[in-house]
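# Secondary and tertiary structure notes
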Amino acid sequence: MGFNLFIVAFCLEFYPLINNFWTRTQIQKSNSPLLDFSYSNRYYDLYLANRDTLPTAEYTGYGNCITNALKCGLAMAIAFSAILGRAGQLECLLVCIVGTIGYELNRQLLQERIGSDSFETFIIFTYGGFMALALGLFAYLREQKE
Amino acid sequence: MEHRSLKKYTCSSESALNSVLGALIIFVFFPFLAYEADAYIFQNTFIAYTATASIVLAMGAGLCGGMIFSMIFNGYIVLRDVTHGAIAGAIATGAASLYILNPAWAIISGFIAGILQGLFQNLVENKSARNGSIVTTVSWILFGANGFLGGLFAAAWKD
């Protein structure tokens, strides 16, 4: 339970930074080249609720809100649960850092390119599940070596 | 005196009770993940409500599928298969929930996901137990494999 609290707290703090980075790369726009870095808006909005996930006339579609940060925390908790009990605090921190970067990249890539993800099945659960598979394999190989 | 190895692998009743309570809370709040998604595109329509209702039905069907599978495969009901079956049904049906307007398809896909979840998890755990290795199957089978299954369902229903 302590690990999960740490993961959620870390994601709430770290997610807006990663969201800002991948937004400025323009990676979620399907008609622009990858890693454009030509984002001209200097200011960046943080929303409390889930009001900014899709581009509309009123909102810009960053998806930078606490709801998405909590979803990122859920994906990280799923991923870390594969090695829960076999890993320590440092591994948890590394999983959170790498996982949050990958989560936001995956989310922005899928945002406008995928047909249907109404339940966040691919963004949260499939990403967390396959990251858990990779982490479990790493832990298994490390234990085999020892 | 209780045998040491038996004590090591025995689940306490308190842990089982917490598991059931957690599953009940998930049963109530989990479908609302589909309620808010794509709300701007489908605003002023009833899609958000049918998507949520589809996931509730899929969770119930997955629970029944996991229970039936557990009775056939193990000879008795394993609580883990039942609770995981409900979550598997939600995840596998969730990706396509915007396109499911007939509740029968939600029930069928949830039932299939509940059975496949129990099958994969029990097969992998039995094999790893024979090899003497420790494999955590909950995260990648329950979430990863069922997410992949949900992608197949979404591709099928979208067209």
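### Considerations on the overall build of chain B
- When its secondary structure is counted, chain B shows seven helices and zero strands.
- Counting helices and strands in the order they occur from the N terminus, chain B gives α-α-α-α-α-α-α.
- The 159 residues of chain B split such that 47% are buried.
- Partitioning the intrachain contacts of chain B with sequence separation of at least 6 by distance along the chain shows that 73% fall at a separation of at least 24.

### Considering the overall build of chain A
- Summing up its helical and strand segments, chain A has four helices and zero strands in all.
- In chain A, buried positions account for 42% of the 146 residues.
- For chain A, restricting intrachain contacts to residue pairs at least 6 apart in sequence, the fraction spanning at least 24 positions comes to 62%.

### Section: unusual backbone geometry
Residues and elements named next belong to chain A.
- With phi around 60°, glutamate 120 is a residue other than glycine that occupies positive phi space.
- If you trace the backbone, glutamate 120 turns up in the loop between α3 (89-111) and α4 (121-145).
- Assessed through the 24 C-beta atoms surrounding it within 10 Å, glutamate 120 is described here as buried.

### Brief notes about the packing of helix α2 (residues 13-29) of chain B against helix α5 (residues 79-94) of chain B
Residues and elements named next belong to chain B.
- Running from N to C, α2 and α5 point in directions that differ by 15°, and their axes come no closer than 10 Å. With respect to α5, the element α2 is oriented roughly parallel. The hand of the α2/α5 crossing is left-handed. For the pair α2 and α5, contact is made by Ala16, Ser19, Val20, Ala23, Ile26 and Phe27 and by Leu79, Thr83, Ala86 and Ile87, respectively.
- Along the lines of polarity and charge, the residues of the contact of α2 with α5 split into eight nonpolar, two polar and no charged.

### Digging into helix α4 (residues 47-74) of chain B
- Look at α4(B): 39 Å from first C-alpha to last across 28 residues, which is about the 40 Å you get at 1.5 Å a residue.
- Just downstream of α4(B) lies Gly75(B), where phi reads positive at about 90°.

### Thoughts on the nonpolar core
- Within the largest apolar cluster, 76 residues are counted, with the highest numbers of intra-cluster contacts made by Ile7(A), Cys11(A), Ala75(A), Met76(A), Ala79(A) and Phe80(A).
- Ranked by residue count, the leading element in this core is α4(B), at 11 residues.
- With sequence-adjacent residues up to four places away left out, Ile7(A) is seen in contact with Gly73(A), Met76(A), Ala77(A), Phe80(A), Cys92(A) and Cys96(A).

### Description of the environment of Ala156(B)
- Among the secondary structure elements, Ala156(B) is positioned in helix α7 (residues 138-158).
- For Ala156(B), a count of 12 C-beta atoms within 10 Å puts it in the exposed group.

### Let's talk about α2(B)
- For α2(B), which comprises 17 residues, the first-to-last C-alpha distance of 24 Å matches the rise-based estimate of 24 Å (1.5 Å per residue) to within 8%.
- Within α2(B), only one of the 17 residues are buried, which leaves the element largely exposed.

### Some remarks on the packing of α4(B) against helix α6 (residues 103-131) of chain B
Residue and element names in this part refer to chain B.
- Across the interface, α4 lies against α6 with an axial gap of 7 Å and an inter-helix angle of 40°. Accordingly, the angle class assigned to the pair α4 and α6 is oblique. Our pair here, α4 against α6, has a crossing hand that is right-handed.
- The residue makeup of the contact of α4 with α6, split by class, is 15 nonpolar, 11 polar and no charged.

### Points about the environment of Cys96(A)
All names here are of chain A.
- With respect to the element layout, cysteine 96 can be found in helix α3.
- Given 26 C-beta atoms within 10 Å, cysteine 96 falls into the buried group.
- Once residues lying within four places of it in the same chain are set aside, the contact partners of cysteine 96 are Ile7, Phe10, Cys11 and Met76.

### Some remarks on the environment of Gln28(A)
Residue and element names in this part refer to chain A.
- Counting through the fold element by element, glutamine 28 comes out in the loop between α1 (2-24) and α2 (66-80).
- Exposure remark for glutamine 28: the 21 C-beta atoms within 10 Å place this residue in the buried category.
- Once the C-alpha coordinates of glutamine 28 and glycine 99 are considered, the two residues, 71 residues apart in sequence, prove to be 18 Å apart.

### Remarks on the confidence of the model for chain B
All names here are of chain B.
- With 86% of its residues at a pLDDT of at least 70, chain B reaches an overall mean of 81.
- When pLDDT is averaged over each element of chain B, α5 comes out on top at 89 and helix α1 (residues 4-9) at the bottom at 48.
- Predicted confidence is poor over residues 1-7, with pLDDT under 50, and the contacts of this stretch with residues over four places away or in other chains come to one contact.

Rules behind the numbers
Residues numbered from 1 in each chain as written. Chains lettered and ligands numbered in written order. Predicted model: local features only at pLDDT ≥ 70, side-chain atom pairs only at ≥ 80, totals over all residues. Helix = DSSP H or I, 4+ residues; strand = E, 2+ residues; numbered from the N terminus. Buried ≥ 20, exposed ≤ 12 C-beta atoms within 10 Å, placed from the backbone. Contact = placed C-beta atoms within 7 Å. Axes fitted to C-alpha atoms, helices over the stretch in contact; angles between N-to-C directions. Parallel < 35°, antiparallel > 145°, perpendicular 65-115°, else oblique. Left-handed = near helix turned anticlockwise from the far one by under 90°. Nonpolar A, V, L, I, M, F, W, Y, C, P; charged D, E, K, R; others polar. Expected span 1.5 Å × (residues − 1). Core = buried A, V, L, I, M, F, W, Y, C linked by C-beta atoms within 7 Å. pLDDT = per-residue confidence, 0-100.

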